[in-house]
Amino acid sequence: MNDHRKLGRELGLFGTDPLIGSGLPYLLPAGAAIRKAVEDYVHELERRNGYQHVNSPVLGKRELYERSGHWDHYAEDMFPPMEVGGEQFVLRPSLCPHHALIYRSRGRSRRELPLRLAELGGQYRSELSGVLGGLNRVRAIHLNDGHVFCPPEQAAAEVSAALDLIEAAHAQLGIEAARYRLSLGGSSGKFVDDPALWAHAEGVLRAVLAERGRPYDEEYGEAAFYGPKIDIQIADSAGRESTLSTVQVDLYMPGRFELSYAGGGRPAMVHRSVVGGVERLLGHLVEVHGGALPAWLAPVQAVVVPLSEAELAAGHDLLRRCLAAGLRAELAGPGRGSLGARIRAHRLVPYQLVVGPREAASGGAAVRLRDGGQAGDVPVAELMARARPVF
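Residues numbered from 1 in each chain as written. Predicted model: local features only at pLDDT ≥ 70, side-chain atom pairs only at ≥ 80, totals over all residues. Heavy atoms only, no water.

Along the protein, the regular secondary structure elements total 13 helices and 18 strands. Once local pairs closer than 6 in sequence are excluded, the contacts in the protein between residues at least 24 apart make up 71%. Approximately 17,400 Å² of the protein is accessible, and the part contributed by carbon and sulfur atoms is 52%. Charge centroids of the protein, computed over 44 positive and 46 negative side chains, lie 4 Å from each other. (Helix = DSSP H or I, 4+ residues; strand = E, 2+ residues; numbered from the N terminus. Contact = heavy atoms within 4.5 Å. Areas by Shrake-Rupley, 256 points an atom, 1.4 Å probe, with all protein chains shown as cover. Lys, Arg positive; Asp, Glu negative; His and termini not counted. Charge placed at Lys NZ, Arg CZ, Asp CG, Glu CD.)

With 4 bridges connecting them, strand E9 (residues 179-184) and strand E10 (residues 217-220) associate as parallel partners. Bridge pairing links leucine 184 to tyrosine 220 in E10. Following the backbone out of E9, through helix H7 (residues 195-212) and into the adjacent parallel E10, one traces a crossover that is right-handed. (Pairing = 2+ DSSP bridges. Right-handed = clockwise from strand over helix to strand, strands pointing away.)

One pass over the full model with this rule turns up 6 aromatic pairs. Here phenylalanine 191 and tryptophan 198 contribute two aromatic rings whose centre-to-centre distance is 5.8 Å and whose plane-to-plane angle is 90°, an arrangement assigned as edge-to-face. We classify phenylalanine 191 as buried; its relative accessible area is 7%. Under the relative-accessibility criterion, tryptophan 198 is labelled buried at 8%. Sitting over the face of the ring of phenylalanine 391, arginine 48 holds its NZ or CZ atom 4.2 Å from the ring centroid. (Phe/Tyr/Trp six-rings, centres within 6.5 Å; stacked < 30°, edge-to-face > 60°. Buried < 20%, exposed > 50% of the residue type's maximum accessible area, 1.4 Å probe, protein only. Lys NZ or Arg CZ within 6 Å of the ring centre and 35° of its normal.)

What follows covers the pairing of strand E8 (residues 140-150). Buried residues dominate E8, accounting for 10 of its 11 residues. Of the pairings in the sheet, the one linking strand E7 (residues 115-124) to E8 comprises 10 bridges and is antiparallel in character. Considered in E8, the bridge of leucine 117 is made with histidine 147. Examined bridge by bridge, E8 and strand E13 (residues 268-273) share 5 bridges and lie antiparallel to one another. Its bridge partner being in E13, glycine 146 is matched across the sheet by arginine 272.

As a further point, take a nonpolar patch on the surface. Taken together, the side chains of Val58, Leu59, Met82 and Val84 present a nonpolar region at the surface, about 290 Å² in accessible area. Secondary-structure assignment places leucine 59 in strand E4 (residues 59-61). (Patch = residues over 30% accessible without salt bridge, like charges linked within 9 Å, V, L, I, M, F, W, Y side chains within 5 Å. Salt bridge = Lys/Arg side-chain N within 4 Å of Asp/Glu carboxyl O.)

Here we take up the side chain of histidine 99. Along the chain, histidine 99 turns up in helix H5 (residues 96-103). Classification of histidine 99 by relative accessible area gives buried; the value is 0%. When sequence neighbours within four positions are dropped, the list of residues in contact with histidine 99 reads Val54, Ser56, Leu117, Ala118, Glu119, His147 and Phe149.

Further remarks concern the pattern of salt bridges. Taken as a whole and assessed by the stated rule, the structure comprises 32 salt bridges. Across the pair glutamate 66 and arginine 62 runs a salt bridge, and its minimum N-O distance is 2.8 Å. With a gap of 4 residues between them, glutamate 66 and arginine 62 both fall in helix H3 (residues 62-68), about one helical turn apart. Given a relative accessible area of 30%, glutamate 66 falls into the partly exposed group. Residue arginine 62 is classed as partly exposed on the basis of its relative accessible area, which comes to 26%.

What follows concerns the sheet that holds strand E5 (residues 82-84). Spatially, 3 strands are ordered E4-E6-E5 in an open sheet, and the strand pairing comes out antiparallel. On the outer flanks of this sheet lie E4 and E5, each paired with one strand and no other. Pairs of neighbouring strands in the sheet enclose a mean axial angle of 40°, with direction left out of account. By the bridge criterion, 3 bridges tie E4 to strand E6 (residues 87-91) in an arrangement that is antiparallel. The residue of E6 that forms the bridge with glycine 60 is valine 90. (Axes fitted to C-alpha atoms, helices over the stretch in contact; angles between N-to-C directions.)

Below you can see the structure in the form of structure tokens.
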């Protein structure tokens, strides 16, 4: 059974410190390399599918969250306000209010829609210490978030397109969903009290799931406070379930922010996260792959292994070429033990580039694969091509 907390320590991916605080892990270089690979992949996937990327601050005035409805329906999960210059500021619990303000920063016409905005941004949840654990439940979440503003009649098409992105990303990452969940509202004061709004949004999500032939479970009380959502659930090594990716139909917040487009129309707002929070995703990927991540995700994609001191200069030259080509590479010289010991120490690296006398003379390397197979003398450019994600 793979546990990302144990593997994370062994592989040097992340750590914690009581001076930083519980639920606030930091990423070490190897973990940061995986995060960057995921971020670059999702950014490009979104760009190819019509998203424009934005950046917004992690703070907002209390009035912003009163306007969005978070203060009334979600305050117990938010950090308390900070007094600055006679005003109250709050660490944001979500990115959607900021994106709503970006939408309304100028007039919009119907022909501009759908407007698809995306951001990988920080959000903060005041989780109790008892529920925190590893990377799965944290207080600082770096969320792959996005919001589509469209005429209400286009919401179903945008929900389906978001599910296409989610399923493509999951396939590329090697993730299998445990199940799909239609998360519905409940009777508590946690949810916006507008039955017509909920019925409309639920109808959109049910229609999309039916059209796609996707089995799902219904669960009441799991919706966002402003509307229902489709949650893609994953399970960890112990069988514990959590939400990774999500798509939500929101007919509430556009009204709260008085969003409109020329002609008097009010857009629907489709919230979606392709891969969820980076922290939870990283923990899940480590467990799914047992630390042996696909070449495009591996923190070290290639290790150069000179046979002896005589090949060390050639090894350094090959390392420079690998780095210049964009590979995440390092050198394991003869000072770090026997050839067998160095191979074993880098058993999770996808490509082991062994440089003997013949390879040193030719400027190449004998490529050994992670599974023990031999690939021969593969040019650096081809290795780089193999180590890219597929879109």
